[in-house]
Amino acid sequence: MKLLIAEDHDGTRGLIKRMLADFASEIYECRDGAEALAIYSTRQPDWVLMDIQLVGLNGLAATRQIIAAWPQAKIMIVTDYDDDELREAAQQAGACEYVTKENLLDVCRILLRVDQPTGSIAEAEAD
């Protein structure tokens with residue numbers, strides 16, 4: 001599995017990378033939304049872990065642009081904000097998952113769930 005971590009805080013990005021090292025064959029990293037868009041276009045990762053508050057182009061705008069160009073992209077918002085309005089905005093932007101940073105282990109659970117043979121979130125949730 002190839003992952004892209006878009007997170008502007010080096011420590012948080014490093015923590016997420018260490019947590020996911022066993023899940024991924026490749027992990028790409030960036031600090032801003034424009035860079036996430038550029039990396040996605042060249043590397044086509046299986047998942048993007050996108051913070052909302054990024055330098056320059058924010059995570060919601062970057063999510064919208066990635067999904068507009070690659071509708072099959074899977075983007076998980078990983079953020080400090082546990083907010084219903086932001087969850088809705090993330091969903092409307094095209095993100096398929098939303099995880100708060102206080103629950104980072106949920107990122108692992110989601111990736112494990114979707115990495116099952118069916119690869120379908122809906123089918124995995126039905127189990």
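One can find the structure itself at the top, above this paragraph.
Keep in mind the model is a prediction, meaning the values are calculated, not measured. (Residues numbered from 1 in each chain as written. Predicted model: local features only at pLDDT ≥ 70, side-chain atom pairs only at ≥ 80, totals over all residues. Heavy atoms only, no water.)

Chemist: Hey, could you run me through the overall build of the chain in this one?
Modeler: The helix and strand inventory of the chain stands at 6 helices and 5 strands. Traced from its N-terminal end to its C-terminal end, the chain shows the element sequence β-α-β-α-β-α-β-α-β-α-α. Scored against the burial criterion, the 127 residues of the chain give a buried share of 44%. In the chain, 58% of the contacts between residues at least 6 apart in sequence involve partners at least 24 apart. Accessible surface for the chain amounts to roughly 6,600 Å². Of this, 47% is attributable to carbon and sulfur atoms. (Helix = DSSP H or I, 4+ residues; strand = E, 2+ residues; numbered from the N terminus. Buried < 20%, exposed > 50% of the residue type's maximum accessible area, 1.4 Å probe, protein only. Contact = heavy atoms within 4.5 Å. Areas by Shrake-Rupley, 256 points an atom, 1.4 Å probe, with all protein chains shown as cover.)

Chemist: How should I be thinking about the pattern of salt bridges in this particular structure?
Modeler: Oppositely charged side chains are able to pair whenever their charged atoms sit close together. For the structure on display, the rule yields 10 salt bridges. For aspartate 10, the salt bridge identified is with arginine 31, shortest N-O distance 2.6 Å. Of this pair, aspartate 10 sits in helix H1 (residues 10-20) while arginine 31 sits in the loop between strand S2 (26-30) and helix H2 (33-43); the two residues are 21 residues apart in sequence, bridging distant segments of the chain. Relative accessible area serves as the criterion here: at 48%, aspartate 10 is assigned to the partly exposed category. Residue arginine 31 is classed as partly exposed on the basis of its relative accessible area, which comes to 37%. Connected via shared salt-bridge partners are Asp10, Arg13, Lys17, Glu29 and Arg31. (Salt bridge = Lys/Arg side-chain N within 4 Å of Asp/Glu carboxyl O.)

So yeah, pure geometry; function would need other evidence.
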